[in-house]
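Tertiary structure, described
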Amino acid sequence: MQTLKASSVRPMARAPAVHPAPRVHRPAVVHVKAELKVGDKMEVYPDYFRVLKTSQGGTVSLSSFKGKQPVVLFFYPKAATPGCTKEACRFRDEYSRFTQAGAAVFGISSDSPEENAAFAKANNLPYPLLTDANAILRKTFGIKPDLLGLLPGRQTYVIDVSGRCVMAFNDQFNVEQHVDEALKVLSSSVTA
C-alpha cells in the first residue's frame, strides 16, 4: 500500500461557483385576434377558454356555458367607482329579467378577487364578478381604452348558446344603456 506524504498531495482546484441567472419578470404575451365583433365565434379567441377567478371564491371558464345558456359579460373599468357601481347595480336590479331569459351574467375587471368580492358584497350583487388578471381577456377581445387611454374600456357582450357573439356594446358614460341593450338582444330569438 502506498502512503502519500502531505507535501505530495496537491489541493484540488475549485470549480467556479455557478449562480442561477436572475429571474426576469416578463409580462404575459397576449395574442390579439382582433376586436370581438357581432357574429364572431368565441372559440377562435383562445382566452375564451381561460379559467377566471370569481368574487365568490370559485373559478369559471366562459366556454363552459357553450351549449347550455347565453352569457352576458360586461367589462367595467374599476370596482367601487361611481360609474361602475351604477352599472353593476343596474345589472343587479334587472337580474331577474336576465335569469328569466336563461342568461348567465358576469361583470369583469382587472380588480383582484378580494376587491371584487368587497364590491359585490357592498352592493348585494347576485352574479359573480370575474378577475381579468393583467387585462388579458380585455386585450384579447380588443377592448380599447377610453378617455385618451386613461380608463379601461367599458364593453358589454352577449354570447349566445352556440358560443357566438350576438351583441357588442361600448359606451363609457351611458352605463345603464349596457343593460338595456343586453336585454333587448336576449328578448329576441337571436340568443337561442
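Everything below is about the structure shown above.
A brief structural summary. Values in this document were obtained by computation on a predicted structure and should not be read as measured data.

Turning our eyes to something else, we now look at the sheet that holds strand β6 (residues 155-159). Strands sit in the order β2-β1-β5-β4-β3-β6-β7 across an open sheet of seven strands; the sheet is mixed. Only two strands of the sheet have a single partner each, and these edge strands are β2 (59-61) and β7 (165-170). Neighbour-to-neighbour, the strand axes of this sheet turn through a mean angle of 30 degrees, independent of strand direction. For strand β1 (residues 51-54) and strand β5 (residues 129-131), the ladder comprises two bridges, and the chain directions are antiparallel. Bridging from a neighbouring strand, Lys53 pairs with Thr131 of β5. Across the sheet, helix α1 (residues 82-93) touches β3 (71-75), β4 (104-109) and β6, and the angle it forms with β3 is around 165 degrees. Here helix α5 (residues 177-187) sits on the sheet in contact with β3, β6 and β7, set at roughly 165 degrees to β7.

Moving on, we get to helix α3 (residues 113-122). Of all the residues in α3, the buried ones are Pro113, Asn116, Phe119 and Ala120. Buried residues of α3, viewed axially, fall in a sector of 125 degrees; they line one side. Exposed side of α3, more than 90 degrees from the buried face: Glu114, Lys121 and Ala122 are the residues found there. On the buried face of α3, the contacting elements are β1, α1, β4 and β5. Just beyond α3, the residue with positive phi is Asn124, at close to 50 degrees.

Looking now at α1. Between the first and last C-alpha of α1 there are 16 Å, a value that for 12 residues agrees with the 16 Å anticipated at 1.5 Å per step. Within α1, the full set of buried residues consists of Cys84, Glu87, Ala88, Cys89, Arg90 and Phe91. The secondary structure elements touched by the buried residues of α1 are β3, α2 (95-100), β4, α3, β6 and α5.

Quick look at the nonpolar core now. Counting residues in each nonpolar core, the largest one holds 24 residues, and the members touching the most others are Val72, Phe91, Phe98, Tyr127 and Val158. Those elements giving two or more residues to this core turn out to be β3, α1, α3, β7 and α5. If you tally residues by element for this core, the top one is α5, at five residues. Leave out the neighbours within four places in its chain, and Val72 touches Phe91, Phe98, Ala103, Ala104, Val105, Phe106, Thr156, Tyr157, Val158, Ala182 and Leu186. In this structure, Leu62, Phe65, Leu73 and Leu130 belong to the second largest nonpolar core, which totals 21 residues.

Right, let's get into unusual backbone geometry. Although it is not a glycine, Ala80 sits at a positive phi angle of roughly 70 degrees. As for its position among the elements, Ala80 is in the loop between β3 and α1. The class of Ala80 is exposed, set by a relative accessible area of 61%. In this structure, Asn124 takes a positive phi of about 50 degrees despite not being glycine.

Once that is clear, we can look at the pairing of β7. Working note: regular strand, side chains alternate between the two faces of the sheet. Judged from the five bridges that link them, β6 and β7 form a sheet pairing that is antiparallel. Bridged to Val158 within β7 is Met167. Counted along the chain from β6 to the antiparallel partner β7, the turn is five residues long, and its residue Gly163 has a positive phi close to 85 degrees.

A separate point is the pattern of salt bridges. Evaluated as defined, the whole model comprises 12 salt bridges. The closest approach of N and O atoms between Asp47 and Arg50, which form a salt bridge, is 2.7 Å. For Arg50, a relative accessible area of 32% corresponds to the partly exposed category. Connected via shared salt-bridge partners are Arg90, Glu94, Arg97 and Asp180.

Conventions used here
Residues numbered from 1 in each chain as written. Predicted model: local features only at pLDDT ≥ 70, side-chain atom pairs only at ≥ 80, totals over all residues. Heavy atoms only, no water. Pairing = 2+ DSSP bridges. Helix = DSSP H or I, 4+ residues; strand = E, 2+ residues; numbered from the N terminus. Axes fitted to C-alpha atoms, helices over the stretch in contact; angles between N-to-C directions. Contact = heavy atoms within 4.5 Å. Buried < 20%, exposed > 50% of the residue type's maximum accessible area, 1.4 Å probe, protein only. Arc of directions from axis to C-beta. Expected span 1.5 Å × (residues − 1). Core = buried A, V, L, I, M, F, W, Y, C linked by side-chain atoms within 4.5 Å. Salt bridge = Lys/Arg side-chain N within 4 Å of Asp/Glu carboxyl O.

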